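Residues per chain, in single letters:
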Amino acid sequence: MKPGMQLPNNVKQLAEGESFCFSCHPEVHCFCDCCQQLELALTPYDVVRLKDVLGLTGKEFLDQYAVIEYEEGDIFPRVYLAMQNDGRESCPFVSVDGCTVYGGRPSACRTYPLGRAAWLDQKGESHSSHVVIYENHCLGFADTSRQNVVNWEKSQGLAPYNEANDQLMALLQHKNIRAGFKPSTEQRELFIQTLYHLEPFKKTTAENIGLVMSDTALLRYAIHWLTNELFP
Ligand code: SF4
Ligand code: SF4
């Protein structure tokens, strides 16, 4: 977490290069116990990857699998994965064999047991730090396999997630927001439409100026476009 932040007892800050013991695999007794009773926030890039695995548009994905919340004090709406009403609040993608959207699983699923905090300094340069989150039910910590942040993130394919999430951070931590900017209802809707639906943005904005690109590149452009639109 950002230096100076107080951490709960089950969360340990990792120094640079520090290792931790952890391994997760289908043979652990707790396999998929962590895929229920979750508050799983989805970033725009999470939705790009999930919708591709499921063969849906961004809007179809949000309609079927997401809850959008906006609470007093929030700047922009938050998007969460909607859990099943099965008495265990299971993730809609968990099965007895594991995650059915493994190739597109969200960044939070990939990052655990780590937590990653990223922030911009006053010059606009990004920084990150990591913690280990010890959950009692998670038997992965009993394994003696040693991991470190670099190897863990590599093994979980986190590079494009971190890159896209850090690009979004430049919008979420924009100096105008720190100065008190509050989006209007229309601007909050634009945030969801532009970054999470993506398809309308592609049709009305990107294709209009002749841009043809992957959804990953499109999202990068959409973040840049929305930042200029909100903070001209
Ligand atoms: S070891 Fe931890 S992360 Fe892996 S399945 Fe069990 S609870 Fe989930
Ligand atoms: S997306 Fe996959 S890994 Fe993440 S909570 Fe759901 S089933 Fe588990």
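Everything quoted here is computed from the prediction, not taken from an experiment.

A.B. asks: Explain the packing of helix α1 (residues 44–54) against helix α5 (residues 159–172) here, please?
C.D. replies: How two helices pack is summed up by the angle between their axes together with the distance between the axes. Remark: α1 packs on α5, axes separated minimally by 8 Å, with the N-to-C direction vectors making an angle of 140 degrees. Considering the angle they form, α1 stands oblique to α5. Residue-level inspection shows P44, Y45, D46 and R49 of α1 in contact with α5, the latter providing P160, Y161, A164, N165 and L168. Broken down by class, the residue content of the contact of α1 with α5 amounts to six nonpolar, one polar and two charged.

A.B. asks: Whenever I open this one, the nonpolar core confuses me. Can you help?
C.D. replies: As a rule of thumb, nonpolar side chains are buried together in soluble globular proteins. Ranked by size, the top nonpolar core spans 38 residues in total, and within it F61, L171 and L195 carry the most contacts. Among the secondary structure elements, those contributing two or more residues to this core are α1, α2 (58–65), β4 (78–81), α5, α7 (185–197), α8 (199–206) and α9 (215–230). The greatest single-element share of this core, amounting to six residues, is contributed by α9. If near-sequence neighbours (up to four positions away) are discounted, F61 is found in contact with L42, V47, L50, K51, L54, L56, A66, L81 and F93. Counting 10 residues, the second largest nonpolar core, distinct from the first, contains F22, V132, C138 and W152.

A.B. asks: Even after reading the chapter, I still don't get the site of ligand 2, so can you show me in this structure?
C.D. replies: Around ligand 2, the neighbouring residues are C35, L38, L40, C91, F93, V94, C99, V101, P106 and C109. Partitioned by chemical class, the residues of the shell around ligand 2 number 10 nonpolar, no polar and no charged.

A.B. asks: Just checking my understanding: could you explain the site of ligand 1 for this structure?
C.D. replies: Close to ligand 1 lie F22, C24, V28, C30, F31, C32, C34, Y112, H137, C138 and G140. In terms of residue class, the shell around ligand 1 is built from nine nonpolar, two polar and no charged.

A.B. asks: Explain the side chain of H130 here, please?
C.D. replies: Positionally, H130 belongs in strand β8 (residues 126–133). A distance of 2.8 Å separates a polar atom in the side chain of H130 from a polar atom in the side chain of E153.

A.B. asks: What exactly am I supposed to notice about the sheet that holds β8 here?
C.D. replies: In any sheet, the strands associate via hydrogen bonds between backbone groups, in a parallel or an antiparallel arrangement. The three strands lie next to each other as β1-β8-β7, forming an open sheet whose pairing is antiparallel. Unpaired on one side and paired on the other, β1 (11–13) and β7 (114–120) mark the two borders of the sheet. Across this sheet, the average inter-strand angle for adjacent strands is 30 degrees, counted without regard to direction. Where β1 lies against β8, three bridges are found, and the strand directions are antiparallel. By the bridge assignment for β8, V11 is matched with I133.

A.B. asks: How do you make sense of the pairing of β7 when you look at a structure like this?
C.D. replies: Where a strand is regular, its side chains alternate between the two sheet faces. Within β7, five of the seven residues are buried, which leaves it mostly tucked inside the rest of the structure. Sheet topology note: the β7/β8 ladder contains seven bridges and is antiparallel. From the neighbouring strand, A117 faces β8, where its bridge partner is S129. Between β7 and β8, which pair antiparallel and follow one another directly, the connecting turn spans five residues, one of which, G124, has a positive phi of 85 degrees.

A.B. asks: Would you take a moment to explain α8 for this structure?
C.D. replies: Think of an α-helix as turning once every 3.6 residues; residues three or four places apart then point the same way. Residues of α8 that are buried include every one of F201, K202, T205 and A206, and no others. Projection of α8 onto a plane perpendicular to its axis shows the buried side chains occupying an angular sector of 105 degrees, all on one side.

Calculation notes
Residues numbered from 1 in each chain as written. Chains lettered and ligands numbered in written order. Predicted model: local features only at pLDDT ≥ 70, side-chain atom pairs only at ≥ 80, totals over all residues. Heavy atoms only, no water. Axes fitted to C-alpha atoms, helices over the stretch in contact; angles between N-to-C directions. Helix = DSSP H or I, 4+ residues; strand = E, 2+ residues; numbered from the N terminus. Parallel < 35°, antiparallel > 145°, perpendicular 65-115°, else oblique. Contact = heavy atoms within 4.5 Å. Nonpolar A, V, L, I, M, F, W, Y, C, P; charged D, E, K, R; others polar. Core = buried A, V, L, I, M, F, W, Y, C linked by side-chain atoms within 4.5 Å. Buried < 20%, exposed > 50% of the residue type's maximum accessible area, 1.4 Å probe, protein only. Near = heavy atom within 4 Å. Polar contact = N/O pair within 3.5 Å; in protein donor to acceptor, adjacent residues only side chain to side chain. Pairing = 2+ DSSP bridges. Arc of directions from axis to C-beta.

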